[in-house]
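Okay, here's what each chain looks like letter by letter:
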Amino acid sequence: MSQNITLSDYQAALDRVRAWVRKTPLVETAPWQPVPEIELRLKAECCQVTGSFKARGAFNRVLSLADAVRKQGLATASGGNFGAAVAYVGQQLAIPADVFVMNTSTELTRKRIESYGAKLTVEGDFWDQSWDAAGTRVQETGGALLHPYADRDVVVGQGTMALEILEQWPEVDTLVVSIGGGGLIAGVAQAAKLLKPGIRIVGVEAAGCPMMWTSRQQQKIVKLENVKTLVPILAARSTEEINFTLTEQYVDEIVLVPEDQVEDSAREVWAATGLAIELGAATAVAAVTRKLFATRPGEKIAVVLCGSGNNGMT
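Residues numbered from 1 in each chain as written. Predicted model: local features only at pLDDT ≥ 70, side-chain atom pairs only at ≥ 80, totals over all residues. Heavy atoms only, no water.

**Quick word on the sheet that holds strand 9 (residues 253-257)**
The strands making up a sheet associate through hydrogen bonds between their backbones, and the pairing can be parallel or antiparallel.
Consideration 1: Here 6 strands make up an open sheet; going across it, the order is 1-2-10-7-8-9 and the pairing mixed. Either end of the sheet is taken by a strand with one partner, and the two such strands are strand 1 (26-28) and strand 9. Between one strand and the next, the sheet's axes are offset by a mean angle of 30°, whatever the strand orientation.
Consideration 2: As judged from the 6 bridges shared by strand 2 (residues 39-44) and strand 10 (residues 300-305), these two strands associate in the parallel manner. (Pairing = 2+ DSSP bridges. Helix = DSSP H or I, 4+ residues; strand = E, 2+ residues; numbered from the N terminus. Axes fitted to C-alpha atoms, helices over the stretch in contact; angles between N-to-C directions.)

**Quick look at the packing of aromatic side chains**
Consideration 1: Within this structure, the stated rule accounts for 5 aromatic pairs.
Consideration 2: Summarising the aromatic geometry, the rings of F59 and Y88 are spaced 6.0 Å apart at their centres and angled 85° between planes, so their arrangement reads as edge-to-face. Taken together, the residues span a long stretch of sequence, with F59 in helix 2 (residues 54-63) and Y88 in helix 4 (residues 81-93) at a distance of 29 residues.
Consideration 3: For F59, a relative accessible area of 0% corresponds to the buried category.
Consideration 4: Taking the centre distance of 5.4 Å and the plane angle of 75° together, the rings of Y88 and Y116 count as edge-to-face. Pair noted here: Y88 is in helix 4 and Y116 is in the loop between helix 5 (107-115) and strand 5 (119-122), with a separation of 28 residues, a long-range link. (Phe/Tyr/Trp six-rings, centres within 6.5 Å; stacked < 30°, edge-to-face > 60°. Buried < 20%, exposed > 50% of the residue type's maximum accessible area, 1.4 Å probe, protein only.)

**Structural notes on the sheet that holds strand 3 (residues 74-77)**
Consideration 1: Ordered in space as 5-4-3-6, the 4 strands form an open sheet in which the pairing is parallel. Each of the sheet's edge strands pairs with one partner strand only, and the pair in question is strand 5 and strand 6 (144-145).
Consideration 2: As defined by bridge partners, strand 3 adjoins strand 6 across 2 bridges and the pair is classed as parallel. Residue pairing in the sheet places L74 in a bridge with A144 of strand 6.
Consideration 3: In the packing of helix 4 onto the sheet, the strands contacted are strand 3 and strand 4 (97-101), and the crossing angle to strand 3 comes to about 170°. (Contact = heavy atoms within 4.5 Å.)

**Description of the side chain of S238**
Consideration 1: Checked against the element boundaries, S238 lands in the loop between helix 9 (211-218) and helix 10 (241-250).
Consideration 2: Within the structure, S238 has its side chain in polar contact with the backbone oxygen of V222 (distance 3.1 Å).
Consideration 3: In contact with S238, other than residues within four places in its own chain, are Y149, M211, I221, V222 and K223. (Polar contact = N/O pair within 3.5 Å; in protein donor to acceptor, adjacent residues only side chain to side chain.)

**Regarding the nonpolar core**
Consideration 1: One finds L175, V176, I277, V288 and V303 to be the most contacted residues of the largest nonpolar core, which totals 74 residues.
Consideration 2: In terms of residues, this core owes the most to one element, helix 12 (residues 279-289), which gives 8 residues.
Consideration 3: Residues in contact with V303, not counting those within four places in the same chain, are L40, R41, L42, K43, V176, A284, V285 and V288.
Consideration 4: Ranked by size, the runner-up nonpolar core spans 29 residues in total, among them L65, L74, V99 and I113. (Core = buried A, V, L, I, M, F, W, Y, C linked by side-chain atoms within 4.5 Å.)

**A short note on the side chain of T121**
Consideration 1: Tracing the backbone through its elements, the reader meets T121 in strand 5.
Consideration 2: The class of T121 is buried, set by a relative accessible area of 17%.
Consideration 3: If near-sequence neighbours (up to four positions away) are discounted, T121 is found in contact with V99, F100, V101 and R137.

Put into structure tokens, the structure is as follows:
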């Protein structure tokens, strides 16, 4: 799968989506220096349209569809961020969108999706049940079924972020990226390595959901039986082949962050930068500030802040 995606695919995706998404800032953290011996910057996808990086993949996927398919509508299942992104894409491109969410989704999530004009359906206690319902809807009505992370065009869309980071900071040595289902790190890692082969990619998971870490240890995709994490945005029990393959090929290291260190990390970022981030983003920051992987003096490290959230900080 990975050999079918080239640097030109990522560059074409950036050209495709740039009119619809924001080029988010790469924020310098000084005078906050949690690890004085390194230079740290934060890629603020928390400032992206709809509040997360997901808009990149959603726009790239939909803009790559044939017009005849696109006009029949969009459908997806989501824990929140991808659903909001698809709803927003539908609003901006005047395409009807169906978004299925779980019974456990929050009222805030549901209102945000509906605010963009999507038809919201609550179905199932687990994501795969919502996904099955979305698939049934597409079979009945036509249109495109959009997977949140296991889709080539979605992965490539997420990877456009890496091209921006390297344009903003060509000297960067290391990218730190959190892992949920794996679509973000797969695209960012491959795009970054294709453009700058010597760059280091560090993946980060919450200790209560070490899905990709375990899969790497066993050299195959695993499905976790028990997930106990305070970071629901990263609580994917398994991944898909495209994400696992790209992660295996392009990610240098995966580290696990103790659950009790995540919320403090979010508060530290808020206090130091004024950026309100979700706990998935705070997990990636914690991997750096808690020194969970080795660094060298003067190393230039960029951390992806994958999404926004107040986390009780205001």
